[in-house]
Amino acid sequence: MAGQPIAGTDWTDREIDLIVADYFAMLREQFAGEPFVKAHHNAALREQTGRSRQSIDYKYRNISAVLEELCEPWLSGYLPARNFQRALVNGVERILDKTRPFDLDRKPQLELADGPIIFLEKPPIFTPQPNKLPEHVTRLVRKFDPAARDARNRSLGERGEELTLRSEHARLRAEGRDDLARKVRWVSKEDGDGAGYDILSFDTSGAERFLEVKTTNGHSKTPFYISANEKSFADEASDRFRLFRLYDFANEPKAFKIQPPMEAHLNLETATYKARF
């Protein structure tokens, strides 16, 4: 057994590497639906580090908080505890750099069927001036950029659009508008990405709705990219444009819609620059 450290002392890099590796081992089992006993993991770490059960459980929750910032799911039962230290952030970064213990671009397991109608929640509460993260956390988030991750994952984006298309068909049929359901179009698939939206749909009265679908496996506040073309089209067609945000897609897809102006609901930051001579 490791020597007993004095309660309240900082965790060493060795201890942090042990608990981060153990956390991700449980996370892999959770993703795979395999049973595991958290108490057994805790007991093994107590043997290896001499830390208390409470200290280990709280450090697990700190790791959950780092994953929350990365817009990745965390272990069930370990709600994020946000007052984590720089050393823990560095420990999470080390394991992500070394082994990629879970697939940051993992494919959703959802089987798409006819429908169902997606229930729309309220969008997250808009915070015009969100709290600034410590620089070491900001750096980690930039390195594993959740918005860039989702933008690269074309399969995820296409499946999100397909689910939205099927939901719109099902909704209009349920509302007695089979005629409109037949007119719903997957514009980005049929015509290409230049329209400024992905799905042409309708409300019950027959008014057009231009749906731009943004999909993530992350939580509801996962950042995402809006192109200049999409933003411009949203401004021009603000009465008909809707941003359709799908999240937690790999598990149980959830959604909300945002109506322009985008600035009333989102903090928009310049992400790229066009350079010319």
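Just so it is clear, the model here is predicted, and its values are computed rather than measured.

Scoring rules and cut-offs
Residues numbered from 1 in each chain as written. Predicted model: local features only at pLDDT ≥ 70, side-chain atom pairs only at ≥ 80, totals over all residues. Heavy atoms only, no water. Core = buried A, V, L, I, M, F, W, Y, C linked by side-chain atoms within 4.5 Å. Buried < 20%, exposed > 50% of the residue type's maximum accessible area, 1.4 Å probe, protein only. Helix = DSSP H or I, 4+ residues; strand = E, 2+ residues; numbered from the N terminus. Contact = heavy atoms within 4.5 Å. 1 Å grid on protein atoms, 1.4 Å probe; cavity = no way out; pocket = protein on both sides within 12 Å on 5 of 7 lines; lining within 4 Å. Points joined across faces, edges and corners; volume = space filled by probe spheres on them. Nonpolar A, V, L, I, M, F, W, Y, C, P; charged D, E, K, R; others polar. Pairing = 2+ DSSP bridges. Axes fitted to C-alpha atoms, helices over the stretch in contact; angles between N-to-C directions. Phe/Tyr/Trp six-rings, centres within 6.5 Å; stacked < 30°, edge-to-face > 60°. Lys NZ or Arg CZ within 6 Å of the ring centre and 35° of its normal.

### What about the nonpolar core?
Thought 1: With 31 residues, the main nonpolar core has Tyr197, Ile199, Phe210, Phe241, Phe244 and Leu246 as its most contacted residues.
Thought 2: Only helix H7 (154-174), helix H8 (178-181), strand S3 (199-202), strand S4 (208-215), helix H10 (228-236), strand S5 (241-247) and strand S6 (254-258) provide two or more residues apiece to this core.
Thought 3: Per element, the largest residue contribution to this core is five residues, and it comes from S5.
Thought 4: Apart from residues no more than four positions distant in its own chain, Leu246 is found in contact with Ile118, Gly160, Leu163, Thr164, Val213, Lys214, Thr215, Thr216, Lys254 and Ala255.
Thought 5: In terms of nonpolar packing, the next biggest core, distinct from the first, is built from 28 residues, Leu45, Phe84, Val89 and Val137 among them.

### Here's the deal with the layout of surface pockets
Thought 1: Taken as a whole, the largest pocket encloses approximately 1,900 Å³ of empty space.
Thought 2: Looking at the largest pocket, it is lined by 40 residues, and the ones nearest its centre are Pro130, Lys221, Pro223, Asn267 and Glu269.
Thought 3: Going through the elements one at a time, helix H3 (53-69), helix H5 (135-143), helix H6 (146-152), H10 and S6 are the ones with two or more residues in the lining of the largest pocket.
Thought 4: With three residues, the single largest contributor to the lining of the largest pocket is H5.
Thought 5: Counted by class, the lining of the largest pocket contains 20 nonpolar, 11 polar and nine charged residues.
Thought 6: The space that makes up the second largest pocket amounts to roughly 630 Å³.
Thought 7: Taken together, 27 residues line the second largest pocket, and the ones lying closest to its centre are Ala151, Gly157, Glu161, Glu212 and Lys214.
Thought 8: At the level of elements, H6, H7, helix H9 (187-190) and S4 are the ones that each hand at least two residues to the lining of the second largest pocket.
Thought 9: Among the residues forming the lining of the second largest pocket, the class breakdown is 10 nonpolar, six polar and 11 charged.

### A look at the pairing of S3
Thought 1: Residues Ile199 and Ser201 of S3 are buried on one face, and the alternating residues Leu200 and Phe202, pointing to the opposite face, are buried as well.
Thought 2: By the bridge criterion, two bridges tie strand S2 (residues 185-186) to S3 in an arrangement that is antiparallel. Across the sheet, Arg185 pairs through a bridge with Leu200, a residue of S3.

### Points about the side chain of Ser64
Thought 1: Looking at where Ser64 falls in the secondary structure, it is placed in helix H3.
Thought 2: With a relative accessible area of 0%, Ser64 lands in the buried category.
Thought 3: Apart from residues no more than four positions distant in its own chain, Ser64 is found in contact with Tyr23, Trp74, Leu75, Tyr78, Leu79 and Pro80.

### Quick look at the sheet that holds S3
Thought 1: A sheet is described by the order of its strands in space; here six strands give the open sequence S1-S6-S5-S4-S3-S2, paired in mixed fashion. In the strand order of this sheet, the two ends are held by strand S1 (120-121) and S2, each with one partner.
Thought 2: Most of the contacts of H7 go to S3, to which it runs at about 15°, and overall it touches S2, S3, S4 and S5.

### Things to note about unusual backbone geometry
Thought 1: Put simply, Pro260 and Pro261 share a cis peptide bond, and its omega is 10°.
Thought 2: Topologically, Pro261 is positioned in the segment after S6.
Thought 3: Positioned with a positive phi, Cys71 is a non-glycine residue whose angle comes to about 60°.
Thought 4: Unusually for a residue other than glycine, Asp248 sits at a positive phi of about 50°.
Thought 5: Residue placement: Asp248 occurs in the loop between S5 and S6.
Thought 6: Note on Asp248: relative accessible area 18%, which makes it buried.

### Remarks on the packing of aromatic side chains
Thought 1: The final tally for this structure, using the stated rule, is eight aromatic pairs.
Thought 2: Relative to Phe256, the ring of Tyr247 has its centre 6.1 Å away and its plane inclined at 45°; by these criteria the two rings are tilted. For the pair Tyr247 and Phe256, a shared accessibility class is recorded, and that class is buried.
Thought 3: A connected cluster of aromatic rings, assembled from ring pairs, spans Tyr23, Phe24, Tyr60 and Tyr78.
Thought 4: Directly above the ring of Tyr78 sits Lys38, whose terminal nitrogen or CZ lies 5.0 Å from the centroid.
Thought 5: The ring of Trp186 has Lys189 sitting right over it, with the charged end atom 5.2 Å from the ring centre.

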